[in-house]
Amino acid sequence: MFLLTIEDEFAAAHYLEGYQGACAAMHGHTWKVSVSIVAQETRDLGMVVDFKDLKRILKKVLSKYDHSCLNNVIEMPKDEEGEAESSRPKYNPTAENMTRIIYGELEEALQQFSKAGICELWSVTIWESSQASCTYSRQGEDVGEEKEVATTKKAFVKDMLKRKTDELREGEKS
Ligand SMILES: [Zn+2]
């Protein structure tokens, strides 16, 4: 398989509600973001997807966070009881939450490729500093609401296995 990785960064402020310590005060980071996509095969020109296209998609996703205060920009889902307010610290713009949010946004932005079985989002890593990063991935999970994607993924793997089997059979014949 092929794992393609691109990187970009954005500058943004944040603060952590409910945190005892320096991070409770607003401060800034240059957040480095690394995104990997996975594919089983290349297409025309020996490429999976043009890096240029991937970079453009990532830049667009990151643009709304650049030079912002993340606490004012991020949209986290409400909890099961719909009580987003009472559990607000859970939805702080931490590196963990930012990876999950950006992963979801990229998954949507890359649908043109995933639906065509070309490649799928593999992981998103965010560095808050050069010594601290968080990686998020949903690969291998069949999340309920992501059924369509999961089905596409299964069909993709099945098709790949069939092609491999056919190749092997062809090999045996000759
Ligand atoms: Zn921070």
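Above this text sits the structure in question.
The notes below deal with the structure included here. Residue numbering note: each chain is counted from 1, following its sequence as written. With the structure being a predicted model, the display of local features is reserved for residues of pLDDT at least 70 and the display and counting of side-chain atom pairs for 80 or more, all residues being used for whole-chain, interface and lining totals.

Quick look at the overall build of the protein chain now. Labels follow the DSSP assignment, with helices taken as runs of H or I lasting at least four residues and strands as runs of E lasting at least two, numbered in each case from the N terminus. The helix and strand tally for the protein chain stands at five helices and five strands. If you list the helices and strands of the protein chain from N to C, you get β-β-α-β-α-α-α-β-β-α. Partly exposed residues are those whose C-beta has more than 12 but fewer than 20 other C-beta atoms within 10 Å; 20 or more makes a residue buried and 12 or fewer makes it exposed, with C-beta atoms placed from the backbone. With 174 residues in all, the protein chain has 18% of them scored as buried. Two residues qualify as being in contact provided that their C-beta atoms, derived from the backbone, are within 7 Å of each other. Taking all contacts inside the protein chain whose residues are at least 6 apart in sequence as the whole, residues at least 24 apart take part in 68%.

It is worth spelling out the sheet that holds strand β1 (residues 2-14) at this point. Pairing between sheet strands relies on hydrogen bonds along the backbone, with the strands arranged either parallel or antiparallel. A pair of strands counts as paired when DSSP detects no fewer than two bridges linking them. The five strands lie next to each other as β3-β1-β2-β4-β5, forming an open sheet whose pairing is mixed. Only two strands of the sheet have a single partner each, and these edge strands are β3 (68-69) and β5 (132-136). Summarising the sheet, β1 and β3 pair through two bridges and their orientation is parallel. Across the sheet, the residue bridging to Ala13 is Cys69, located in β3. Against the sheet, helix α1 (residues 51-63) contacts β1 and β2 (27-39), and its axis sits at roughly 25 degrees relative to β1. Convention adopted: a line fitted to C-alpha atoms gives each axis, helices being fitted over their contacting stretch, and angles between N-to-C directions are expressed from 0 to 180 degrees. Along the sheet, helix α3 (residues 95-109) makes contact with β2, β4 (120-129) and β5, crossing β4 at roughly 150 degrees.

This part is about α1. By this rule the span expected of a helix is its residue count minus one, scaled by 1.5 Å. The terminal C-alpha atoms of α1 lie 18 Å apart, and with 13 residues this matches the ideal 18 Å at 1.5 Å per residue to within 8%. If you check which residues of α1 are buried, you get Leu54, Leu58 and Val61. Looking straight down α1, one finds that the buried residues subtend no more than 60 degrees of arc, so they occupy a single side. Those residues of α1 that are exposed and aimed more than 90 degrees away from the buried face are Lys52, Arg56, Lys60 and Ser63. Contacts from the buried residues of α1 go to β1, β2 and α3. Each direction from the helix axis to a C-beta atom contributes to the arc, which is the arc of those directions.

Counted at 1.5 Å a residue, the expected span for α3 with its 15 residues is 21 Å, and the 21 Å between its end C-alpha atoms agrees. Among all positions in α3, only Ala95, Met98, Thr99, Ile101, Ile102, Tyr103 and Leu106 are buried. Each element contacted by the buried residues of α3 is listed here: β2, α1, β4 and β5.

Once that is clear, we can look at the nonpolar core. By size, the foremost hydrophobic cluster in this structure holds 25 residues, and its most contacted members are Val33, Ile37, Ile102, Leu106, Val124 and Ile126. Sorting the residues of this core by element identifies β1, β2, α1, α3 and β4 as the ones contributing at least two each. If one sorts the elements of this core by residue count, α3 sits on top with six residues. In contact with Leu106, not counting residues within four places along its chain, are Val35, Val61, Leu121 and Val124. In these notes, a nonpolar core means any group of buried Ala, Val, Leu, Ile, Met, Phe, Trp, Tyr and Cys residues linked to one another through C-beta atoms within 7 Å.

The next thing to look at is the pairing of β4. Both β2 and β4 contribute to a ladder of seven bridges, which runs antiparallel. Bridging across to β4, Val38 finds its partner in Glu120. Across five bridges, β4 lies against β5 in antiparallel orientation. Bridge pairing in β5 places Ser129 opposite Ala132. Turn length for the β4-β5 hairpin, with the two strands adjacent in sequence and antiparallel, is two residues.

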